[in-house]
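Structural overview for review
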Amino acid sequence: MINRLIGIIRGRISNAMSKAPPPPKPPGEMNVVEIAEYNKIPGGISYDRWWLFTWLVMMPVTIATGVNAWYVETEHLSHGPPPYIPYDHLQLTRRYPWGDGERSFFFNPKVNAIPGKGYVWELEAEEE
């Protein structure tokens, strides 16, 4: 299995590093069939280059980005949200058509505040 994978990668690398041969005739003298046949060669080279780029460059970059995002987010979640400050420009000008009209559709009570009132968990602690 590993030998097969190594063989595939070696073949892709050798094909990706090759160059297209010069055309057999000047392009003005070639007919459509000859041009189509000649263009298949660079297409295979380009395919192998993109295959290698995807698996050997973009996959490690994607994994590293995901690990970095997880690390930064766990560090960010280790402390609570900042204290609520009721700014005037953040007040609702119009009520939402669902629920109590103050919470957006993607409202998260742990991190979002109700405009003009504060965090839900702070309001519940004051009521008790």
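These numbers were taken from a predicted model, which means no experiment stands behind them.

Reading guide: rules and limits
- Residues numbered from 1 in each chain as written.
- Predicted model: local features only at pLDDT ≥ 70, side-chain atom pairs only at ≥ 80, totals over all residues.
- Heavy atoms only, no water.
- Salt bridge = Lys/Arg side-chain N within 4 Å of Asp/Glu carboxyl O.
- Buried < 20%, exposed > 50% of the residue type's maximum accessible area, 1.4 Å probe, protein only.
- Helix = DSSP H or I, 4+ residues; strand = E, 2+ residues; numbered from the N terminus.
- Phe/Tyr/Trp six-rings, centres within 6.5 Å; stacked < 30°, edge-to-face > 60°.
- Lys NZ or Arg CZ within 6 Å of the ring centre and 35° of its normal.

A word on the pattern of salt bridges
Taken as a whole and judged by the stated rule, the model has four salt bridges. In this structure, Arg103 engages Asp100 in a salt bridge whose closest nitrogen and oxygen atoms are separated by 3.3 Å. Taking relative accessible area as the criterion, Arg103 reaches 32% and is therefore assigned partly exposed. Its relative accessible area of 35% is what places Asp100 among the partly exposed residues. Glu102 is the salt-bridge partner of Lys117, the closest N and O atoms lying 2.9 Å from each other. Of this pair, Lys117 sits in the loop between strand E1 (113-114) and strand E2 (118-119) while Glu102 is found in the loop between helix H2 (32-76) and E1, placing the two residues 15 residues apart along the sequence. Take Glu102: its relative accessible area is 15%, and that puts it in the buried class.

Details of the packing of aromatic side chains
One pass over the full model with this rule turns up six aromatic pairs. Seen in terms of ring centroids, Tyr96 and Trp98 are 5.3 Å apart; in terms of plane orientation they differ by 15°. Their pairing is stacked. A relative accessible area of 35% places Trp98 in the partly exposed class. Note on Tyr119 and Trp121: the rings are 5.3 Å apart at their centroids and 15° apart in plane angle, and the pair reads as stacked. Given the relative accessible area of 7%, Tyr119 is considered buried. Put simply, the rings of Tyr96, Trp98, Phe105 and Phe106 pair up and form one aromatic cluster. One cation-aromatic arrangement involves Arg12 over Trp51; the distance from NZ or CZ to the ring centre is 4.5 Å.

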